[in-house]
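Residues per chain are reported as follows:
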Amino acid sequence: SKVISMRFDEPVVVASFNASCLTLQEDLARADGQSYRFTDDTYALDTSAYDSTAVTRLDVQIGPDDYEAINSLSRLGKSETAARITARPCLVEDVAGNLF
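Novice: How would you summarise the pattern of salt bridges if you had to cite specific residues and measurements?
Specialist: Oppositely charged side chains may form a pair once their charged atoms are brought near each other. The final tally for this structure, using the stated rule, is two salt bridges. A salt bridge links Glu26 to Arg75; the shortest N-O distance between them is 3.0 Å. Of the two residues, Glu26 sits in strand β2 (residues 22-26) while Arg75 sits in the loop between α1 (64-72) and β6 (83-87), which places them 49 residues apart along the sequence. Given a relative accessible area of 33%, Arg75 falls into the partly exposed group.

Below, the structure is given as structure tokens:
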């Protein structure tokens, strides 16, 4: 599956998700590591059991263009133990409007 699941300590607003604030990168210890910043081809899914706009588990569908771009890199995403996801403080808002 091409879905990333993220858990938050407090509810976040699904509609506020900004994929361009999310980066997949090789292990932080590598100076020459590859990375990829997601585009709006990748989007949040509302997988809550109810018609909810805020969730503590946010599932993100990796779009086909982003998936192909990641696969075109020689090392990135080839091993779970050598990949990290980083987020800038514009990824998503909580219900009080605070950015994460």
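Novice: I'd like to hear about the sheet that holds strand β5 (residues 54-61), residue by residue, with values.
Specialist: Ordered in space as β1-β5-β4, the three strands form an open sheet in which the pairing is antiparallel. Lying at the two open borders of the sheet, with one neighbouring strand each, are β1 (3-13) and β4 (43-45). Ignoring which end each strand starts from, the neighbouring axes of this sheet average 35 degrees apart.

Novice: Explain the side chain of Thr23 to me, using residue names and the numbers behind them.
Specialist: Inspection of the secondary structure puts Thr23 in strand β2. Setting aside chain neighbours within four positions, we find Thr23 in contact with Ser35, Tyr36, Arg37, Phe38, Arg84, Ile85 and Thr86.

Novice: Just give me the short version of the nonpolar core, but keep the residues and values in it.
Specialist: Core analysis: the biggest nonpolar cluster contains 22 residues, and Met6, Phe8, Phe17, Phe38, Leu58 and Leu91 have the highest contact counts within it. Contributing elements (two or more residues each) for this core: β1, β2 and β5. For this core, the leading source of residues is β1, giving four residues. In contact with Phe8, not counting residues within four places along its chain, are Thr56, Leu58, Leu91 and Val92.

Novice: I'd love a proper account of the environment of Asp94, names of residues and values included.
Specialist: Relative to the assigned elements, Asp94 resides in the segment after β6. Sequence separation of Asp94 and Gly77 is 17 residues, and the distance between their C-alpha atoms is 29 Å. Sequence-distant contacts of Asp94, defined by excluding residues within four places in its chain, comprise Glu10, Pro11, Val12, Val13 and Phe100. Within the structure, the side chain of Asp94 is placed 2.8 Å from the backbone nitrogen of Asn98, a separation counted as a polar contact.

Reading the values: rules and limits
- Residues numbered from 1 in each chain as written.
- Predicted model: local features only at pLDDT ≥ 70, side-chain atom pairs only at ≥ 80, totals over all residues.
- Heavy atoms only, no water.
- Salt bridge = Lys/Arg side-chain N within 4 Å of Asp/Glu carboxyl O.
- Helix = DSSP H or I, 4+ residues; strand = E, 2+ residues; numbered from the N terminus.
- Buried < 20%, exposed > 50% of the residue type's maximum accessible area, 1.4 Å probe, protein only.
- Pairing = 2+ DSSP bridges.
- Axes fitted to C-alpha atoms, helices over the stretch in contact; angles between N-to-C directions.
- Contact = heavy atoms within 4.5 Å.
- Core = buried A, V, L, I, M, F, W, Y, C linked by side-chain atoms within 4.5 Å.
- Polar contact = N/O pair within 3.5 Å; in protein donor to acceptor, adjacent residues only side chain to side chain.

Just distances and angles here, no functional claims.
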